[in-house]
Structure formats: C-alpha cells, structure tokens
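Coordinates in review
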Amino acid sequence: MSKISIIILLIIICSCSSDKLRVSDNIERIPIDIHDVSHDASSFIEKIEIIPLETTDSSLIGNIGKIMYDKNMDMYAILGRNQIVSTFSGNGSFIATSKNVKGEGPKEHNMVLNMQFNPYVKGLDLLNPYGIIYTYSPTFKFISKKNIKSRFFLEASMALSPDEYIITFPAIWTNQEVDFVNLKTNQTNVTNYSGTISSGNTMDRECFYRNGDNFYFVPKGLNYYFYQIDQTEKKLIPIIYLDFGDSEIQEEDLPGCAVGEDTGVERTKSDNKRDYLIKGMQERSQFIREGNLLVPLIKFFNDDYIYVYFARGRKGYGGHYIYNRRKKQSFLVNEDKPFIMHPCFGIVDNVLMAICDAYYVPKLVDSDLMSSEEIYKMEQLKEEDNPVILKYYLRK
C-alpha cells in the first residue's frame, strides 16, 4: 500500500470516531452501580397500575414501532410498523387511527417513520424522511403539511415553536449533527454534539424531549451524555453524564467507527466513502453486541428522575436503573430481581410507563403492589386483546 493510500485511510478512520467530552463541574454526574440490586420493589415503587388499551375491530394494533404519551392532552399515540398511527385517551379508550388518511392525496400522509406531539396546535406531527411533516388533530383531521429542505433523509423532529423545528438525521449521513430550521424564514442553523461511541447499539425510539418550558436532546446509540437544547443560541449543552464506572465502554478499544459524515455526495447517489463508513459502523455495533459489553439501550429523564435500561450481550432480561435526582437515591432492577420489569418508554411526574402484550402482563408486575381493582383488571385480560400500558408509580 502506498504512503498516500495509508494517509487517506487514516484520515477516514479518524474522521468517523467521536470526540469524547470531558465531564466538567457543570455536568450532573450520575454514578451507576450495576451490582447494587434493590431487594424489595416496594422500596422504590409505591404502586402499579395497568391501562388496557380498548380492543375493537377498528382499534387493533399490530407491531409497535413507537409509543408516546402527552400529559396535557392526556393521550397515547402509537406508531405501528405499518406506518399507521393510533391514538388512545389516558384511560385507554380508543380515539382514532390514521388508516383513513394514509395515501397520496393532498391531506394524506405517506411513508411516516416517526412522530411527535405538537403542543402549539394540540396535535401530532408525522414525519416523512424526505422532509415532510404532516400535522393532524388527535382524531386525524388534517391541520397542515410542512416541507423541510434538507440535504439528507430525516430521522426525527420536534417543534420548538409554531415556526421552528429541530431535526436529526440517520447516523451515517452526518458526524453527530442537529439542525435548527425556521420554516418562516427558511433559515437553518447547524450544530454538533459529541460523545457517541456507537450508533447501532440502541433501543431508543425518541431523542427529543420537552420538560416544562425546556427542551432536551438524548442522542440515540451508545452515548453517555444528555443535552439541553438552547433555542436562542441554537446549540446543545451537555448537562448529564451517565457514569458506568468500570463497565463503561472505552472507544479506543473498539474496531470500526461510531458515526458517519457528510461526504458531499447526494443522498440518492452511490458513495464509496459512505459505504466504507457503513461497514465500519456495523463492525463496531456487532463487536459490542457479541463482546458481552454493558450497553445503555434506553435512556430518558425528567426534573425528578433518570431512567436507564441496559443489557449485556444478547442474553437475559437486562437491567433498569432508576435515579431520584432530588434525593440522590438510586434503585436497580437487574435480570429478574426483585421482579421482572418491562423496558419503559417514558416518564411523567413520578410514573414510569411501559407497554406489553396482554398475555405477558402477569409476568411484569408485582401483585403485592397492585390494588384488588388492578388485579381484577389484569385477570380479565385476554390473549387477543390490544397491548396494555404498565404504570410504575415511583416513590417521591
């Protein structure tokens, strides 16, 4: 191999590695001890409730791609892998489905791969990766259709105001980039973050969060940092670091690369450099999966709690780390101790939420923490019923 070829290869490899942030005094450090298992579920869970989602011929749900809950609207939204969105009230009553507005018409949606609540119109934003955001009411009455000019396919979006959105892209297209887009002025501000060790090892379905008046970004993939979104300065500020101690994965020990980059080639055209980066990202993800390394697969937070679901390799139930930020107390459910807990999708106030098939509910609760009414509801579930929301009420 010539010297020039070696230099080019080194440049590519270095360009797709991530820059790790230094944990400063301004970042809240969360120490995670994966061995200190909580022996009594009642020490951190006050009670468990279940919300069976109404089962009718119109409301049947297939494979779930993503689920969200909005407190102000008191509504669950579920995006199926068939690109159909269903909405349910907070008590599980069926509201509507987007099945009848899926198509090629001017007020219909097509190729929806993500969704987000839009509080400014009290509706739902459905994201087409080609840069189209369809907005509907909870009953799927058409509100608007917005077009975002983008160099790449879109992965996720969130409204920061009626006219401004923040968007991300699939990891291969950029080196940890987030864009602020003003639809009124057509202005785009690009900002970057860092800390990503692998893009492929994740179960995260969401990266943008709104807590009160503040917006947050939690990178998908293996990244130990949480960021606050500065809407004014158009930047991301690291605010939380998950410290796994000796279980933390060190990037210098890994093959391949973490993320891609903007290669300057249009998204629909072939690109040898991008192909090389894809192979590097896949190599790293596979190495981590098969190397029995501990990976935080789901992570989110609010003002009071931090939740992390982690797993090692391909075996077992995984672990759930729950941290009370105000009391500086942590609790750990690991494998099936003190009980089998289902991976959660969100938290509102002190309530962790998960969703599972009806037949599986008895395995994922501690009946000692359920009222007689809740146990009766559980006993009435049928295998063919719609999925069930599990609500774990954390002690304050």
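Bear in mind that the values here come from a model prediction, so they are computed numbers and not experimental data. (Residues numbered from 1 in each chain as written. Predicted model: local features only at pLDDT ≥ 70, side-chain atom pairs only at ≥ 80, totals over all residues. Heavy atoms only, no water.)

Brief notes about the environment of leucine 79
Within the fold, leucine 79 resides in strand E4 (residues 75–80). Exposure remark for leucine 79: the relative accessible area of 4% places this residue in the buried category. Distance from leucine 79 to lysine 66, taken between C-alpha atoms, is 5.1 Å for residues 13 residues apart in sequence. Ignoring sequence-local partners within four residues, the contact set of leucine 79 consists of Ile64, Gly65, Lys66, Ile84, Val85, Val112, Leu113, Asn114 and Met115. (Helix = DSSP H or I, 4+ residues; strand = E, 2+ residues; numbered from the N terminus. Buried < 20%, exposed > 50% of the residue type's maximum accessible area, 1.4 Å probe, protein only. Contact = heavy atoms within 4.5 Å.)

Here's the deal with the state of the cysteines
Counted according to the given criterion, the structure contains 0 disulfides. Among the cysteines around cysteine 356, which has no disulfide bond, cysteine 344 carries the closest sulfur, lying 11 Å off. Of the residues examined, cysteine 356 reaches a relative accessible area of 5% and is grouped as buried. (Disulfide = S-S within 2.5 Å.)

Some points on unusual backbone geometry
Between lysine 337 and the following residue, proline 338, the backbone shows a cis peptide bond with an omega angle of -5 degrees. Looking at where proline 338 falls in the secondary structure, it is placed in the loop between strand E22 (329–334) and strand E23 (344–348). Unlike most non-glycine residues, lysine 122 shows phi in positive territory, near 55 degrees. Looking at where lysine 122 falls in the secondary structure, it is placed in the loop between strand E7 (114–118) and strand E8 (123–128). On the basis of relative accessible area, lysine 122 is assigned to the exposed category, the value being 62%. In this model, asparagine 292 sits at a positive phi of 60 degrees, which is unusual for a non-glycine residue. A residue is classified by how much of its surface remains accessible, and asparagine 292, at 46% relative accessible area, is partly exposed.

Points about the pairing of strand E14 (residues 187–192)
Relative to E14, strand E13 (residues 177–182) runs antiparallel, the two being bridged by 6 bridges. Among the inter-strand pairings, valine 178 is bridged to a residue of E14, identified as threonine 191. Connecting the antiparallel pair E13 and E14 is a turn made up of 4 residues, with asparagine 186 showing a positive phi of about 60 degrees. (Pairing = 2+ DSSP bridges.)

Structural notes on the pattern of salt bridges
Taken as a whole and judged by the stated rule, the model has 15 salt bridges. Between arginine 325 and glutamate 28 there is a salt bridge whose closest N-O contact spans 2.6 Å. Of this pair, arginine 325 sits in the loop between strand E21 (319–324) and E22 while glutamate 28 sits in strand E1 (residues 28–31), and the two are 297 residues apart along the sequence. Taking the shortest distance from any N to any O, the salt bridge between arginine 29 and aspartate 243 comes out at 2.6 Å. (Salt bridge = Lys/Arg side-chain N within 4 Å of Asp/Glu carboxyl O.)

Some words on the pairing of strand E9 (residues 132–136)
For E9, a buried count of 5 out of 5 residues is recorded, marking the element as mostly surrounded by other parts of the structure. Going residue by residue along E9, you find Ile132, Tyr134 and Tyr136 tucked away on one face and Ile133 and Thr135 tucked away on the opposite face as well. Relative to E9, E8 runs antiparallel, the two being bridged by 5 bridges. Counterpart to aspartate 125 in the pairing with E9 is threonine 135. Linking two consecutive strands that pair antiparallel, namely E8 and E9, is a turn of 3 residues; a positive phi of about 95 degrees is found at glycine 131 within it. Note that E9 and strand E10 (residues 142–147) share 5 bridges and pair antiparallel. If you follow isoleucine 133 over to E10, its bridge partner there is lysine 146. In textbook terms, the turn of a hairpin is the stretch between consecutive antiparallel strands, and for E9 and E10 this stretch comprises 5 residues, one of which, phenylalanine 140, has a positive phi near 65 degrees.

Observations regarding the nonpolar core
In this structure, Leu242, Leu352, Leu390 and Tyr392 are the most contacted members of the largest nonpolar core, which totals 79 residues. With 7 residues, strand E20 (residues 305–312) is the largest single contributor of residues to this core. Setting aside chain neighbours within four positions, we find tyrosine 392 in contact with Ile45, Lys47, Ile48, Phe339, Met341, His342, Cys344, Asn350, Val351, Leu352, Ala354 and Leu364. (Core = buried A, V, L, I, M, F, W, Y, C linked by side-chain atoms within 4.5 Å.)

Observations concerning helix H2 (residues 272–290)
Across its 19 residues, H2 extends 27 Å between first and last C-alpha, which sits within 8% of the 27 Å expected from 1.5 Å per residue. Residues of H2 that are buried: Arg274, Leu277, Gly280, Met281, Arg284, Ser285 and Ile288. Looking straight down H2, one finds its buried side chains confined to an arc of 130 degrees; they lie on one side. Turned more than 90 degrees off the buried face of H2, the exposed positions are Asn272, Lys279 and Glu290. Positive phi appears at asparagine 292, one or two residues downstream of H2, with a value of about 60 degrees. (Expected span 1.5 Å × (residues − 1). Arc of directions from axis to C-beta.)

Side note on the packing of aromatic side chains
Taken as a whole and judged by the stated rule, the model has 23 aromatic pairs. Here tyrosine 193 and tyrosine 227 contribute two aromatic rings whose centre-to-centre distance is 5.9 Å and whose plane-to-plane angle is 65 degrees, an arrangement assigned as edge-to-face. Of the two residues, tyrosine 193 is situated in the loop between E14 and strand E15 (208–211) and tyrosine 227 in strand E17 (residues 225–230); the sequence distance between them amounts to 34 residues. When its relative accessible area of 16% is taken as the criterion, tyrosine 193 is described as buried. When the centroid spacing of 5.8 Å and the interplanar angle of 50 degrees are considered together, the rings of tyrosine 224 and phenylalanine 244 count as tilted. (Phe/Tyr/Trp six-rings, centres within 6.5 Å; stacked < 30°, edge-to-face > 60°.)

Re the confidence of the model for the protein
When the pLDDT values of the protein are averaged, the result is 91; 92% of them are 70 or greater. Low pLDDT, under 50, characterises residues 1–20; the predicted model gives this stretch 25 contacts beyond four residues in sequence or across chains. (pLDDT = per-residue confidence, 0-100.)

Brief notes about the sheet that holds E7
Pairing between sheet strands relies on hydrogen bonds along the backbone, with the strands arranged either parallel or antiparallel. The antiparallel open sheet is built from 4 strands, whose spatial order is E7-E8-E9-E10. Two strands lie at the open edges of the sheet, namely E7 and E10, each paired on one side alone. Pairwise comparison of adjacent strand axes, ignoring direction, gives a mean angle of 20 degrees for this sheet. Examined bridge by bridge, E7 and E8 share 5 bridges and lie antiparallel to one another. For asparagine 114, the partnering residue across the bridge sits in E8 and is leucine 127. (Axes fitted to C-alpha atoms, helices over the stretch in contact; angles between N-to-C directions.)

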